[in-house]
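Residues per chain are reported as follows:
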Amino acid sequence: MAVPVDEAETPFAAPATLGRRACSRIFLTMVAGALPGCGRSGRSGHLCSDVSRLTEAERELRFQTLGYVDDTSDPRSCRRCQQFSVVTGSPCGRCALIRGPIDPDGRCIKWAARE
Ligand code: SF4
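In short, a report on the structure. (Residues numbered from 1 in each chain as written. Predicted model: local features only at pLDDT ≥ 70, side-chain atom pairs only at ≥ 80, totals over all residues.)

## Focus: the nonpolar core
Counting ten residues, the largest nonpolar core consists of Cys 48, Tyr 68, Cys 78, Cys 81, Phe 84, Cys 92, Cys 95, Ile 98, Ile 102 and Cys 108. Here Ile 98 is in contact with Leu 61, Arg 62, Leu 66, Tyr 68 and Cys 108, once residues within four sequence places are set aside. (Core = buried A, V, L, I, M, F, W, Y, C linked by C-beta atoms within 7 Å. Buried ≥ 20, exposed ≤ 12 C-beta atoms within 10 Å, placed from the backbone. Contact = placed C-beta atoms within 7 Å.)

Structure follows, in C-alpha coordinates:
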(Lines give C-alpha, C1' and ligand atoms only; values in the text may rest on other atoms or scores of the structure.)
Protein backbone atom coordinates (compact mmCIF):
# COMPACT_ATOMS: atom_id res chain seq x y z
CA MET A 1 0.00 0.00 0.00
CA ALA A 2 1.43 3.36 -1.04
CA VAL A 3 1.90 5.96 1.66
CA PRO A 4 1.07 9.52 0.58
CA VAL A 5 4.16 11.73 0.69
CA ASP A 6 3.78 15.14 2.25
CA GLU A 7 4.98 17.64 -0.35
CA ALA A 8 6.74 19.79 2.27
CA GLU A 9 8.99 16.87 3.27
CA THR A 10 10.35 16.22 -0.21
CA PRO A 11 13.53 17.90 -1.42
CA PHE A 12 11.53 19.21 -4.36
CA ALA A 13 9.53 21.49 -2.09
CA ALA A 14 12.53 23.80 -1.49
CA PRO A 15 12.51 25.65 -4.86
CA ALA A 16 8.91 26.63 -4.26
CA THR A 17 9.97 28.43 -1.07
CA LEU A 18 13.12 30.12 -2.39
CA GLY A 19 13.00 33.19 -4.55
CA ARG A 20 14.85 33.48 -7.83
CA ARG A 21 17.52 35.70 -6.23
CA ALA A 22 18.16 33.23 -3.42
CA CYS A 23 18.49 30.37 -5.90
CA SER A 24 20.87 32.43 -8.06
CA ARG A 25 22.99 33.28 -5.01
CA ILE A 26 23.21 29.62 -3.98
CA PHE A 27 24.09 28.58 -7.53
CA LEU A 28 26.81 31.22 -7.90
CA THR A 29 28.28 30.32 -4.51
CA MET A 30 28.44 26.67 -5.54
CA VAL A 31 30.04 27.46 -8.91
CA ALA A 32 32.60 29.84 -7.35
CA GLY A 33 33.54 27.23 -4.76
CA ALA A 34 34.07 24.62 -7.44
CA LEU A 35 36.45 26.76 -9.51
CA PRO A 36 40.10 26.71 -8.45
CA GLY A 37 41.21 30.02 -7.02
CA CYS A 38 37.72 31.49 -6.67
CA GLY A 39 36.89 32.90 -3.28
CA ARG A 40 40.56 33.12 -2.40
CA SER A 41 42.34 36.34 -1.85
CA GLY A 42 45.62 36.85 -3.62
CA ARG A 43 48.26 34.19 -4.03
CA SER A 44 48.56 33.95 -0.28
CA GLY A 45 45.01 32.63 0.07
CA HIS A 46 43.27 33.97 3.14
CA LEU A 47 46.47 34.21 5.16
CA CYS A 48 46.73 37.96 4.73
CA SER A 49 43.07 38.60 5.40
CA ASP A 50 43.15 38.09 9.15
CA VAL A 51 42.46 41.49 10.68
CA SER A 52 41.20 40.12 13.98
CA ARG A 53 44.03 41.82 15.89
CA LEU A 54 43.29 45.26 14.51
CA THR A 55 41.21 47.83 16.28
CA GLU A 56 38.01 49.11 14.72
CA ALA A 57 39.79 52.36 13.79
CA GLU A 58 42.62 50.43 12.11
CA ARG A 59 40.14 48.39 10.12
CA GLU A 60 38.31 51.52 9.08
CA LEU A 61 41.56 53.10 7.88
CA ARG A 62 42.49 49.91 6.05
CA PHE A 63 39.22 49.26 4.26
CA GLN A 64 37.04 52.38 4.22
CA THR A 65 39.58 55.21 4.14
CA LEU A 66 42.35 53.67 2.04
CA GLY A 67 40.24 51.07 0.20
CA TYR A 68 42.67 48.20 0.71
CA VAL A 69 41.79 44.97 -1.13
CA ASP A 70 43.67 41.67 -0.82
CA ASP A 71 43.70 40.77 -4.45
CA THR A 72 43.94 42.87 -7.53
CA SER A 73 44.76 42.11 -11.11
CA ASP A 74 46.19 45.61 -11.31
CA PRO A 75 49.97 45.55 -11.91
CA ARG A 76 50.22 48.40 -9.38
CA SER A 77 50.00 45.97 -6.48
CA CYS A 78 51.48 46.21 -2.99
CA ARG A 79 54.61 44.26 -3.98
CA ARG A 80 55.50 47.16 -6.31
CA CYS A 81 54.61 49.89 -3.84
CA GLN A 82 57.25 51.89 -1.98
CA GLN A 83 55.31 51.44 1.29
CA PHE A 84 55.53 47.63 1.11
CA SER A 85 58.13 45.50 2.86
CA VAL A 86 58.61 41.76 2.80
CA VAL A 87 58.25 39.75 6.01
CA THR A 88 60.74 36.91 5.99
CA GLY A 89 59.06 33.51 6.21
CA SER A 90 55.56 34.86 5.59
CA PRO A 91 53.47 35.09 2.42
CA CYS A 92 52.20 38.43 3.73
CA GLY A 93 54.12 41.66 3.81
CA ARG A 94 53.93 44.86 5.79
CA CYS A 95 52.78 48.33 4.85
CA ALA A 96 54.14 51.55 6.29
CA LEU A 97 50.66 53.10 6.21
CA ILE A 98 48.31 50.24 7.14
CA ARG A 99 48.56 47.88 10.09
CA GLY A 100 48.03 44.17 9.69
CA PRO A 101 49.11 41.59 7.12
CA ILE A 102 49.38 42.85 3.56
CA ASP A 103 48.88 40.66 0.54
CA PRO A 104 51.62 41.28 -2.05
CA ASP A 105 48.84 41.21 -4.66
CA GLY A 106 46.75 43.72 -2.73
CA ARG A 107 46.36 47.41 -3.30
CA CYS A 108 45.01 50.61 -1.79
CA ILE A 109 44.50 54.18 -2.98
CA LYS A 110 47.91 55.27 -1.62
CA TRP A 111 49.89 53.11 -4.02
CA ALA A 112 53.17 54.72 -5.06
CA ALA A 113 55.75 53.17 -7.35
CA ARG A 114 58.99 51.90 -5.85
CA GLU A 115 61.92 54.05 -6.85
S1 SF4 B 1 50.29 51.91 0.61
FE2 SF4 B 1 48.57 50.67 -0.19
S3 SF4 B 1 49.37 49.84 -2.12
FE4 SF4 B 1 51.13 50.51 -0.90
S5 SF4 B 1 51.81 48.70 0.26
FE6 SF4 B 1 50.40 49.88 1.56
S7 SF4 B 1 48.41 48.89 1.16
FE8 SF4 B 1 49.72 48.31 -0.52
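Now, onward.
## Looking at the site of the ligand
Taken together, 14 residues surround the ligand, and among them Cys 78, Cys 81, Phe 84, Cys 95 and Cys 108 come closest. Each residue belonging to the shell around the ligand can be placed in one class, and the counts come to ten nonpolar, two polar and two charged. (Near = placed C-beta within 6 Å. Nonpolar A, V, L, I, M, F, W, Y, C, P; charged D, E, K, R; others polar.)

## Topic: the environment of Phe 63
In this structure, Phe 63 sits in helix 3 (residues 56-65). C-alpha of Phe 63 to C-alpha of Ile 98: the two residues are 35 residues apart in sequence and 9.6 Å apart in space. (Helix = DSSP H or I, 4+ residues; strand = E, 2+ residues; numbered from the N terminus.)

## A look at the environment of Ile 109
Relative to the elements of secondary structure, Ile 109 occurs in the segment after strand 2 (93-95). Here the alpha-carbon distance between Ile 109 and Thr 65, two residues 44 residues apart in the chain, equals 8.7 Å. Beyond its immediate stretch of four places on either side in the chain, Ile 109 contacts Leu 66 and Gly 67.

Geometric values such as these leave the question of function open.
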